[in-house]
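Summary of structural features
Here are the chains, one letter per residue:
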Amino acid sequence: MNLRTLDSNPAACPPQGTHPSRLLIAASGTGGHLFPALAIADQLRAEQVSVEWLGVSDRLETQLVPEDYPLRVISVEGFQSKDLRALWVFLKFLVSIWRTRRILQQGQFKGVLTTGGYIAAPAIIAARTLGLPSILHESNAIPGKVTRSLSRWCTVVALGFERAAQYLPQAKTTRWVGTPVRSQFQSPQPLDLPIPETAPVIVVAGGSQGAVGLNRKVRACLEPWLEAGAWIVHLTGDRDPDAHSYTHPHYLEFSFFENMAGLLQRANLAISRSGAGTLTELAVTGTPAILIPYPYAAEDHQAFNAKVYVEAGAGVMFREADLNPADLEALVLDWLAHPQSLERMAAQARQVAVPNSTEQVVAMVRQYCA
Ligand SMILES: CC(=O)N[C@H]1[C@@H](OP(=O)(O)OP(=O)(O)OC[C@H]2O[C@@H](n3ccc(=O)[nH]c3=O)[C@H](O)[C@@H]2O)O[C@H](CO)[C@@H](O)[C@@H]1O
């Protein structure tokens with residue numbers, strides 16, 4: 001991988017005035033923050049907008065971004081403790097605002113787009129103090145802390161779920177646009193797995209990092225589902241101590257799978273965490289789901305995301321702590337025996353998808369950051 005990480009050295013900036021429009025995208029951490037931002041960036045690049053990235057040195061963006069976009073790194077983290085360390089984090093935060101201001105000035109950026117999280121704070125504050133527009137995309141049904149605190153300073157807040165607007169009374173403008181997904185989701189993708197055409201496929205997904213708790217519940221049920229004829233594609237993440245402990249010719253295990261579009265287009269059912277990105281992809285591909293929210297998500301936001309899907313009739317939700325593997329096993333066996341239930345839910349799932357999310361955010365960039 002060709003790492004092109006830039007710092008705030010002015011010599012590293014492209015010549016000034018050579019691009020019709022320049023945008024700094026601040027997105028960091030997990031797939032849920034990065035993939036929507038990458039979808040937007042790719043579309044902007046196709047429309048000749050020059051995009052650079054603001055990230056953190058040890059997060060997923062260092063693997064996903066630098067091949068395509070110059071990555072500038074700052075040091076920023078969440079305020080979690082109230083002791084001396086909090087003072088250190090605060091000082092780092094002030095420095096991160098100063099560095100972001102310099103990056104924006106030296107690169108002559110016309111504005112900032114962010115998908116929330118810690119990195120959004122210096123990006124929005126720096127843009128605000130320079131009088132530049134900022135567009136914040138919030139994908140969750142309950143907006144994160146940074147979104148709630150700083151929405152008033154954003155030019156516009158784009159929402160993944162309509163119901164998130166009620167938590168942002170101070171935002172100047174909110175617009176419900178859905179959450180952008182990678183361009184591969186817009187067309188049928190081949191799936192390079194040896195699964196027969198007629199076999200039912202269950203995908204088990206724990207978000208961009210995998211979910212050990214969810215993996216355990218599912219492993220307890222594998223045998224009967226496989227006996228019932230299902231193929232199971234299990235995305236375990238790379239921190240599961242029990243990975244590779246079970247083998248069966250129809251059980252395919254991956255720590256991370258690149259071709260999510262092809263996989264979800266082929267899946268008949270997903271058993272999944274309810275991160276906003278995954279949920280949007282399930283809706284776009286019309287995949288019914290058993291949703292098991294991450295129990296420690298801030299303000300239980302994954303459960304609020306899942307409710308959108310459940311209320312639409314596209315799936316069911318279980319709390320991980322209450323979920324008895326025997327119930328999970330029986331529910332899936334029932335659905336495998338009655339595929340028409342899955343088809344009905346698939347149709348409902350498609351109703352949740354918002355068309356043209358990426359294009360709508362790109363239009364905002366054109367409107368506010370020209
Ligand atoms: C633990 C936690 O707090 N997670 C948060 C994080 O989610 P996190 O990044 O875990 O989850 P999301 O579901 O939003 O996104 C996961 C992304 O990773 C992709 N993927 C996943 C597995 C794989 O093998 N291959 C692959 O490509 C999915 O297709 C999806 O695009 O940000 C989301 C958006 O703010 C939040 O809703 C989640 O609550």
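Treat the numbers as computed from the prediction; the structure is a model and nothing was measured.

1. Here we look at the site of the ligand
Of all residues adjacent to the ligand, which total 23 residues, the nearest are Asn140, Ser208, Thr278, Glu281 and His301. Between the ligand and Gly32 there is a distance of 2.7 Å, counted from an oxygen atom to a backbone nitrogen or oxygen. Within the side chain of Asn140, a nitrogen or oxygen atom sits 2.5 Å from an oxygen atom of the ligand. Burial of the ligand by the protein amounts to 91% of the accessible area it has alone, namely 760 Å². Every element with two or more residues in the shell around the ligand is listed here: helix H1 (31-46), helix H9 (276-284) and helix H10 (301-311). Looking at the shell around the ligand residue by residue, the classes come out as seven nonpolar, 14 polar and two charged.

2. Brief notes about the pairing of strand E12 (residues 269-272)
Here E12 shows two buried faces, one formed by Leu269 and Ile271 and the other by Ala270 and Ser272. Here four bridges tie strand E9 (residues 201-205) to E12, and the two strands are oriented parallel to one another. Counterpart to Ile202 in the pairing with E12 is Leu269. Between the parallel pair E12 and strand E13 (residues 289-291), the chain is carried across by H9, and the sense of this crossover is right-handed.

3. A word on the UniProt feature "domain: Glycosyltransferase family 28 N-terminal" (unreviewed entry) in the protein chain
Look at the UniProt record and you will see "domain: Glycosyltransferase family 28 N-terminal" (unreviewed entry) annotated at residues 24-158. In this annotation, residues 24-158 is assigned 44% helix and 18% strand; the end-to-end C-alpha distance for the span is 17 Å.

4. Focus on the sheet that holds E9
Taking strand neighbours across the sheet as the criterion, the six strands line up as E11-E10-E9-E12-E13-E14 in an open arrangement whose pairing is parallel. One side of each edge strand has no neighbouring strand; the edge strands of this open sheet are strand E11 (251-254) and strand E14 (315-317). Pairwise comparison of adjacent strand axes, ignoring direction, gives a mean angle of 15° for this sheet.

5. Brief notes about the UniProt feature "binding site: UDP-N-acetyl-alpha-D-glucosamine" (unreviewed entry) in the protein chain
The feature "binding site: UDP-N-acetyl-alpha-D-glucosamine" (unreviewed entry), as given by UniProt, occupies Thr30, Gly31, Gly32, Asn140, Arg182, Ser208 and Gln302 in the numbering adopted here. Position of Asn140 among the secondary structure elements: in the loop between strand E6 (134-138) and helix H5 (145-150). Not counting residues up to four positions away in its chain, the partners in contact with Asn140 are Phe161, Ala164, Ala276, His301 and Asn305. Mapped onto the secondary structure, Ser208 falls in the loop between E9 and helix H6 (212-219). Here Ser208 falls in the partly exposed class, since its relative accessible area comes to 26%. Setting aside residues no more than four positions away along its own chain, Ser208 makes contact with Thr30, Gly31, Gly32 and Phe256.

6. Section: the packing of aromatic side chains
For the structure on display, the rule yields four aromatic pairs. Between Trp53 and Tyr69, the ring centres sit 5.8 Å apart and the planes meet at 35°, which makes this aromatic pair tilted. Of this pair, Trp53 sits in strand E3 (residues 50-55) while Tyr69 sits in the loop between helix H2 (61-64) and strand E4 (71-73); the two residues are 16 residues apart in sequence, bridging distant segments of the chain. Here the basic side chain of Arg182 rests over the ring of Phe35, its NZ or CZ set 3.7 Å away from the ring centre. Across from the ring centre of Phe304, 4.5 Å away, lies the NZ or CZ of Lys307, which sits over that ring.

7. Concerning a nonpolar patch on the surface
Residues Phe79, Leu84, Leu87, Trp88, Phe90, Leu91 and Leu94 make up a contiguous nonpolar surface patch of about 750 Å² in total accessible area. A relative accessible area of 43% places Leu91 in the partly exposed class.

Analysis parameters
Residues numbered from 1 in each chain as written. Predicted model: local features only at pLDDT ≥ 70, side-chain atom pairs only at ≥ 80, totals over all residues. Heavy atoms only, no water. Near = heavy atom within 4 Å. Polar contact = N/O pair within 3.5 Å; in protein donor to acceptor, adjacent residues only side chain to side chain. Areas by Shrake-Rupley, 256 points an atom, 1.4 Å probe, with all protein chains shown as cover. Helix = DSSP H or I, 4+ residues; strand = E, 2+ residues; numbered from the N terminus. Nonpolar A, V, L, I, M, F, W, Y, C, P; charged D, E, K, R; others polar. Buried < 20%, exposed > 50% of the residue type's maximum accessible area, 1.4 Å probe, protein only. Pairing = 2+ DSSP bridges. Right-handed = clockwise from strand over helix to strand, strands pointing away. UniProt positions renumbered as here; feature names shortened; annotations may be inferred. Axes fitted to C-alpha atoms, helices over the stretch in contact; angles between N-to-C directions. Contact = heavy atoms within 4.5 Å. Phe/Tyr/Trp six-rings, centres within 6.5 Å; stacked < 30°, edge-to-face > 60°. Lys NZ or Arg CZ within 6 Å of the ring centre and 35° of its normal. Patch = residues over 30% accessible without salt bridge, like charges linked within 9 Å, V, L, I, M, F, W, Y side chains within 5 Å. Salt bridge = Lys/Arg side-chain N within 4 Å of Asp/Glu carboxyl O.

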